[in-house]
Amino acid sequence: MAQKQSEVRHRSGAAPRPDAGTEAVSRSRIGNGVLVCGLALLTALVVFLDATTGNDLRVVPLLVVVPALASVYCSLRQTIWVAVWITTVVVGFRVGADGTFWDFVFGIGFAVLACALGVAACAARIRHATEMARLRSAAVALQRQILRPLPVVTDHVFAYGLYEPIEEDRFVGGDIYEVVESPYGTRVIIGDVQGKGLAAIGAGFAAIAAFREAAIREPTLTGVVEALEDAVVRHNVFSAQTGETERFVTALVLGFDEGGRVEAVNCGHLPPRLVHEGWTSAVTLHRTYVPLGLAGLSREARTTESFDFPQGATLLVVTDGVTEARDAAGAFYPLDERLGGWAGHGPRELLDALHIDLESFSGGVRRDDVAALALRRAPVV
């Protein structure tokens, strides 16, 4: 098992360190050398202009705006240094300039106040950005507990994945997936929660949590699906009590064992596609049941059916974020047509090609969360 896992690397890469964001916001966007040179040139230019204009127009006092600009791009230490430098230049200018005592006092007082406000603004910016970075870090940690990074390797399948939430600054949206190795084989779920983005995460997490437990506990795939149904119904009851929207979940639940066939229960989801020996085809599932959370509307009990999954084949399962992607003219993405050109690809290469082509087809405009799993049977040892 360890050897299998060492052969596969995560598509999504390593998770960022929790403190990486807080360190980044306190760093300067301008190097010290660039800052010193720029400040020296600006000071020389302003002093030259002031000397050129004479008493008719005093330009040096305008330097007090520099700390405010520095507070946006510089670190706190750099902003303090800029404020001290500007204060020194303005005070030196005032000492040698003509004017009354009160002109001197108000000029120096205004310069000190403006520089102090620049430093305070920099400190407030960094403090606010640090708080936001910590909140985002906590959110990322929680979201990574909902969906594990891919690929996932079990004794029965290699599961590669593509996941693109509609909200680009989030790791999790309304699409869900999970791969669990159990005493009864490997169970896989891919689903789509009604709605998009963060609003759909609650129902998705309820389904995933129930799947992780039921996949190990329940000996039958229908037992797993019943547990998922109960979890989504309970979540909807809680949502109704708190005034939130009740949601259903379309899902495809698969079961893999040592044999060459796959069990499936389709709860209103898209059928899988099989890629094998240079050809592709949609897997025919004769029974499609109501989505999770809506079993009370149907008298039909969910049952399993099975289909062949030969060694070396790739089973592709996607959400409707793939099939309902549109181009500039409004046409839907032709998944089956595109798959024909990638029939010779392995699972990872297939997903890479799908991702690139989907972005090109839609022009980078995402209208829904996108999830896809490419599954390949583990080689017989």
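Above this text sits the structure in question.
This text gives an overview of the structure that appears in the document.

Cut-off values and rules
- Residues numbered from 1 in each chain as written.
- Predicted model: local features only at pLDDT ≥ 70, side-chain atom pairs only at ≥ 80, totals over all residues.
- Heavy atoms only, no water.
- Helix = DSSP H or I, 4+ residues; strand = E, 2+ residues; numbered from the N terminus.
- Contact = heavy atoms within 4.5 Å.
- Patch = residues over 30% accessible without salt bridge, like charges linked within 9 Å, V, L, I, M, F, W, Y side chains within 5 Å.
- Areas by Shrake-Rupley, 256 points an atom, 1.4 Å probe, with all protein chains shown as cover.
- Salt bridge = Lys/Arg side-chain N within 4 Å of Asp/Glu carboxyl O.
- Buried < 20%, exposed > 50% of the residue type's maximum accessible area, 1.4 Å probe, protein only.
- Axes fitted to C-alpha atoms, helices over the stretch in contact; angles between N-to-C directions.
- Parallel < 35°, antiparallel > 145°, perpendicular 65-115°, else oblique.
- Left-handed = near helix turned anticlockwise from the far one by under 90°.
- Nonpolar A, V, L, I, M, F, W, Y, C, P; charged D, E, K, R; others polar.
- Pairing = 2+ DSSP bridges.
- Core = buried A, V, L, I, M, F, W, Y, C linked by side-chain atoms within 4.5 Å.
- Expected span 1.5 Å × (residues − 1).

### Quick word on the overall build of the chain
Link 1 in the chain: Within the chain one finds 11 helices and 12 strands.
Link 2 in the chain: Within the chain, contacts between residues at least 6 apart in sequence are counted, and of these 72% link residues at least 24 apart.

### So, a nonpolar patch on the surface
Link 1 in the chain: On the surface, V95, F101, W102, F104, V105 and F106 cluster together to form a nonpolar patch covering roughly 660 Å² of accessible area.
Link 2 in the chain: Of all the elements, helix α6 (residues 101–146) adds the most residues to the nonpolar patch, at five residues.
Link 3 in the chain: Examined against the element boundaries, V95 turns out to sit in helix α5 (residues 76–96).
Link 4 in the chain: For V95, a relative accessible area of 57% gives the class exposed.

### A closer look at the pattern of salt bridges
Link 1 in the chain: The full count for this structure, using the stated rule, is 11 salt bridges.
Link 2 in the chain: When the shortest N-O distance is used, the salt bridge between R212 and E178 registers 2.5 Å. On the criterion of sequence distance, the pair formed by R212 in helix α7 (residues 201–217) and E178 in strand β3 (residues 175–182) is long-range, its members being 34 residues apart.
Link 3 in the chain: Here E178 falls in the buried class, since its relative accessible area comes to 1%.
Link 4 in the chain: Linking E359 and R366 is a salt bridge whose minimum nitrogen-to-oxygen distance equals 3.9 Å.
Link 5 in the chain: Given a relative accessible area of 28%, E359 falls into the partly exposed group.
Link 6 in the chain: In this structure R366 comes out as partly exposed when scored by relative accessible area, which is 22%.
Link 7 in the chain: Each of the salt bridges in this network shares a partner with another, and the network as a whole consists of R148, E178 and R212.

### So, the packing of α7 against helix α8 (residues 221–241)
Link 1 in the chain: The N-to-C vectors of α7 and α8 enclose an angle of 150 degrees; their axes lie 8 Å apart at closest approach. With respect to their mutual orientation, α7 and α8 come out roughly antiparallel. Seen from above, α7 lies across α8 with right-handed handedness. Across the interface between the two elements, G202, A203, A206, A207, A210, F211, A214, A215 and R217 of α7 pack against V224, A227, L228, A231, V232 and H235 of α8.
Link 2 in the chain: Looking at the contact of α7 with α8, its residues break down into 12 nonpolar, two polar and one charged.

### Brief notes about the sheet that holds strand β11 (residues 314–318)
Link 1 in the chain: As summarised here, the arrangement of the six strands in space is β1-β2-β12-β11-β7-β8, forming an open sheet in which the pairing is antiparallel. With partners counted over all chains shown, the strands left at the sheet margins are β1 (152–153) and β8 (279–282), one partner each.
Link 2 in the chain: With three bridges connecting them, strand β7 (residues 273–276) and β11 associate as antiparallel partners. Paired with R273 across the strands is L316, a residue of β11.

### Quick word on the pairing of strand β4 (residues 185–193)
The side chains of a regular strand alternate, first on one face of the sheet and then on the other.
Link 1 in the chain: Along β4, nine of the nine residues are buried, which leaves the element largely enclosed by surrounding structure.
Link 2 in the chain: Here eight bridges tie β3 to β4, and the two strands are oriented antiparallel to one another. Across the sheet, residue S182 finds its bridge partner in β4, namely G185.
Link 3 in the chain: Linkage of β3 to β4, two consecutive antiparallel strands, is achieved through a turn of two residues.
Link 4 in the chain: The pairing of β4 with strand β5 (residues 249–256) spans eight bridges and is classified as antiparallel. Opposite I189, over in β5, you have V253 as the bridge partner.

### Overview of the nonpolar core
Link 1 in the chain: Among the nonpolar cores identified, the biggest contains 54 residues, and L254, F256 and L315 are the most heavily contacted of them.
Link 2 in the chain: It is α7 that provides the largest number of residues to this core, a total of eight residues.
Link 3 in the chain: Discounting chain neighbours no more than four positions away, the residues touching L254 are T186, R187, V188, L221, V262, E263, A264, F307, L315, V317 and L375.
Link 4 in the chain: Core analysis: the second largest hydrophobic core is formed by 24 residues, L162, W342, L351 and A372 among them.

### A look at α7
Three- or four-residue spacings in an α-helix give side chains the same orientation, since the helix completes a turn every 3.6 residues.
Link 1 in the chain: In this model α7 runs 24 Å from its N-terminal to its C-terminal C-alpha over 17 residues, within 8% of the 24 Å that 1.5 Å per residue would give.
Link 2 in the chain: For α7, the complete set of buried residues consists of I201, A203, G204, A206, A207, I208, A210, F211, A214 and A215.

Remember that the coordinates give geometry; whether it matters functionally is a separate question.
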